[in-house]
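# Breakdown of the fold
The lines below spell out each chain.
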Amino acid sequence: MRKPYIAANWKMMKNLAETEEFISSFIPLVEGITDADILLAPPFTSLSLSAQMLLPTNVKLGAQNMFYEESGAYTGEISADMLLFAGCSTVIIGHSERRQYFGETNETVNKKIKMARSRGLEVILCIGESLEDRESGKTFDLLSAQLAGSLKDITMDGVTVAYEPIWAIGTGKTATPQIANETHIHIREWLSKNKENSDGVRIQYGGSVKPENIGELISESEIDGALVGGASLKPDSFANIVKGAIK
Ligand code: PGA
């Protein structure tokens with residue numbers, strides 16, 4: 001059985017003071033939990049403070065994005081080394097909002113994963129289909145193409161996949177646990193066929209996960225955790241998701 005992995009993606013939310021307030025309240029709520037891996041991915045400006053506060057705890061730190069070049073004249077970008085020095089163990093790559101608003105493609109996602117892994121950063125790779133794709137029956141083909149493009153020439157060591165149907169992100173619509181699991185089974189089959197040693201790879205579900213639905217999601221055979229947006233912004237709510245994910 002794979003250990004549940006619950007990650008908070010704060011997106012463009014929380015300044016330093018709000019970050020400090022969250023972490024101070026959250027840590028006591030999850031102290032001593034070892035049956036789930038927990039990650040916080042705050043905005044870049046909160047990384048250093050979060051790293052200091054999380055250092056003595058069981059909660060890991062991640063970033064929400066990075067650039068694929070090592071360093072150079074790339075105004076506004078952040079490198080893998082900068083994330084490492086800021087105390088991150090992990091980076092989220094290819095979130096649908098990055099693909100939708102910032103022009104990320106499977107090709108740029110692939111370059112970013114390669115750079116992150118070459119520096120030892122763990123990766124959460126996000127994939128997912130739009131409502132239009134789902135309704136026209138293209139979900140599995142599209143996800144296979146996202147996996148093939150994003151994971152080209154990459155071994156699965158240190159990589160987690162997050163399946164996030166775009167139509168379920170921030171909308172309050174969760175995929176039913178059955179629909180999510182069916183899709184996770186497809187992803188698992190793709191990984192088994194195309195990547196060596198992928199049995200241990202965790203597949204998170206993301207899209208309107210909350211304390212009320214984590215239990216039924218995690219009880220599905222191939223759902224190994226969650227990538228949580230809105231419901232990760234309050235300490236109680238996120239702690240209850242972590243607790244609800246322990247099978
Ligand atoms: P949500 O976001 O939980 O607010 O739907 C999930 C995500 O985008 O990672």
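Residues numbered from 1 in each chain as written. Predicted model: local features only at pLDDT ≥ 70, side-chain atom pairs only at ≥ 80, totals over all residues. Heavy atoms only, no water.

### A closer look at empty space enclosed by the protein
To keep it simple, the criterion reads: The way it works is a 1 Å grid over only the protein atoms, where trapped points that fit a 1.4 Å probe form a cavity and open points with protein on both sides within 12 Å along at least five of seven lines form a pocket, and then any residue with an atom within 4 Å of a point lines it. Grid points are joined across faces, edges and corners, and a volume is the space filled by probe spheres set on the points. Residue polarity follows a fixed list, in which Ala, Val, Leu, Ile, Met, Phe, Trp, Tyr, Cys and Pro are nonpolar, Asp, Glu, Lys and Arg are charged, and the others, Gly among them, are polar.
For the structure shown, the criterion picks out one cavity of 30 Å³ or more. Put simply, the largest cavity is a space of about 40 Å³. Gly-94, His-95, Ser-96, Arg-99, Cys-126, Ile-127, Gly-128, Gln-146, Glu-164 and Ile-166 are the residues that line the largest cavity. When its residues are assigned to classes, the lining of the largest cavity shows three nonpolar, five polar and two charged.

### Thoughts on the sheet that holds strand β4 (residues 90-93)
The strands making up a sheet associate through hydrogen bonds between their backbones, and the pairing can be parallel or antiparallel. Using the following cut-off: The pairing criterion is simple: DSSP has to find at least two bridges between the two strands. Numbering of helices and strands starts at the N terminus; helices are DSSP runs of H or I of at least 4 residues and strands are runs of E of at least 2. Axes here refer to lines fitted to C-alpha atoms; in helices the fit is confined to the stretch in contact. Angles between the N-to-C directions go from 0 to 180 degrees. Whether two residues are in contact is decided by their heavy atoms, any of which lying within 4.5 Å being enough.
The parallel closed barrel is built from eight strands, whose spatial order is β1-β2-β3-β4-β5-β6-β7-β8. Neighbour to neighbour, the strand axes of the sheet diverge by 25° on average, direction disregarded. Bridge count between strand β7 (residues 203-206) and strand β8 (residues 225-228): two bridges; the pairing is parallel. Within β8, the residue paired with Gly-206 across the bridge is Leu-227. Lying over the sheet, helix α2 (residues 47-54) contacts β2 (37-41) and β3 (59-63), oriented at roughly 165° with respect to β3. Relative to the sheet, helix α10 (residues 235-244) contacts β1 (5-9), β2 and β8, its axis offset from that of β1 by approximately 160°.

### Quick notes on the nonpolar core
Side chains of nonpolar character tend, in soluble globular proteins, to be buried together. Threshold: Remark: nonpolar core denotes a set of buried residues (Ala, Val, Leu, Ile, Met, Phe, Trp, Tyr, Cys) joined through side-chain atoms within 4.5 Å. For every residue, the accessible area (1.4 Å probe, protein chains only) is compared with the maximum for its type, and the residue is labelled buried under 20%, exposed over 50%, or partly exposed between those bounds.
Membership of the largest hydrophobic core comes to 64 residues, with the highest contact counts inside it found for Phe-26, Leu-40, Leu-151 and Phe-238. Here the element with the most residues in this core is helix α1 (residues 16-30); it accounts for five residues. With residues up to four places along the chain from it excluded, the contact list for Phe-238 reads Ile-6, Ala-7, Ala-8, Phe-22, Phe-26, Ile-38, Leu-39, Leu-40, Val-228, Ala-231 and Ser-232. Tyr-5, Ala-41, Ile-92 and Ala-162 belong to the second largest nonpolar core, which has nine residues in total.

### Some words on the site of the ligand
The following threshold applies: Residues are classed as near a molecule or strand on a simple rule: at least one heavy atom within 4 Å of it. Between N or O atoms, a polar contact is any pair within 3.5 Å; within protein, one atom must be a potential hydrogen donor and the other a potential acceptor, and residues adjacent in sequence are included only when both atoms are from side chains. Here the open area of atoms and residues is found with the Shrake-Rupley method and a 1.4 Å probe, where only the protein chains shown may cover a residue.
Around the ligand, a shell composed of 13 residues is seen, among which Lys-11, His-95, Glu-164, Gly-170 and Ser-208 lie nearest. Measuring from an oxygen atom of the ligand, one finds a backbone N or O atom of Gly-229 at 2.9 Å. At 2.8 Å, a backbone N or O of Gly-230 approaches an oxygen atom of the ligand. Alone, the ligand offers 280 Å² of accessible surface; in the complex the protein occludes 95% of this. A per-class count over the shell around the ligand returns four nonpolar, seven polar and two charged.

### Section: the pairing of strand β5 (residues 122-127)
For β5, a buried count of five out of six residues is recorded, marking the element as mostly surrounded by other parts of the structure. Looking at chain direction, β4 and β5 are connected through four bridges and run parallel. Residue pairing across strands places Ile-92 opposite Ile-124, the latter belonging to β5. Relative to strand β6 (residues 159-163), β5 runs parallel, the two being bridged by five bridges. Residue Val-123 lies in a different strand from β6, and its bridge partner there is Val-159.

### Quick notes on the packing of α1 against α2
Relative orientation and spacing of two packed helices are given, respectively, by the angle between their axes and the distance between those axes. Heads up, the rule is: Orientation labels follow simple angle bins: below 35 degrees gives roughly parallel, above 145 gives roughly antiparallel, 65 to 115 gives roughly perpendicular, and whatever is left gives oblique. In a left-handed crossing the near helix is turned counterclockwise from the far helix by less than a right angle, and in a right-handed crossing that turn is clockwise.
As a packed pair, α1 and α2 sit with axes 10 Å apart at the nearest point and diverge in direction by 20°. As far as their axial angle goes, α2 and α1 are roughly parallel. The handedness of the crossing between α1 and α2 comes out as right-handed. Here α1 contributes Leu-16, Thr-19, Glu-20, Ile-23, Ser-24 and Ile-27 to the contact with α2, which in turn contributes Leu-49, Ser-50, Met-53 and Leu-54.

### Topic: the layout of surface pockets
Put simply, the largest pocket is a space of about 430 Å³. Lining the largest pocket are 17 residues, with Lys-11, Met-12, Gln-64, Asn-65 and Arg-98 positioned closest to its centre. Of the residues assigned to the lining of the largest pocket, the class counts are eight nonpolar, five polar and four charged. As a volume, the second largest pocket reaches approximately 290 Å³.

### What about the packing of aromatic side chains?
Just so we agree on the cut-off: Ring pairs are drawn from Phe, Tyr and Trp, using the six-membered ring of Trp, whenever the two centres fall within 6.5 Å, and their geometry is named by plane angle: stacked under 30 degrees, edge-to-face over 60, tilted for the rest.
By the definition in use, this model includes seven aromatic pairs. A ring pair is formed by Trp-10 and Phe-22, whose centres lie 4.8 Å apart and whose planes are at 75°; its orientation type is edge-to-face. In this pair, Trp-10 sits in the loop between β1 and α1 while Phe-22 sits in helix α1, placing the two residues 12 residues apart along the sequence. Like Trp-10, the residue Phe-22 is buried in the burial classification.

### Some thoughts on unusual backbone geometry
Although it is not a glycine, Lys-14 sits at a positive phi angle of roughly 85°. Looking at the element boundaries, Lys-14 is found in the loop between β1 and α1. The phi torsion at Asn-197 lies on the positive side, around 50°, for a residue other than glycine. Checked against the element boundaries, Asn-197 lands in the loop between α8 (177-194) and β7.

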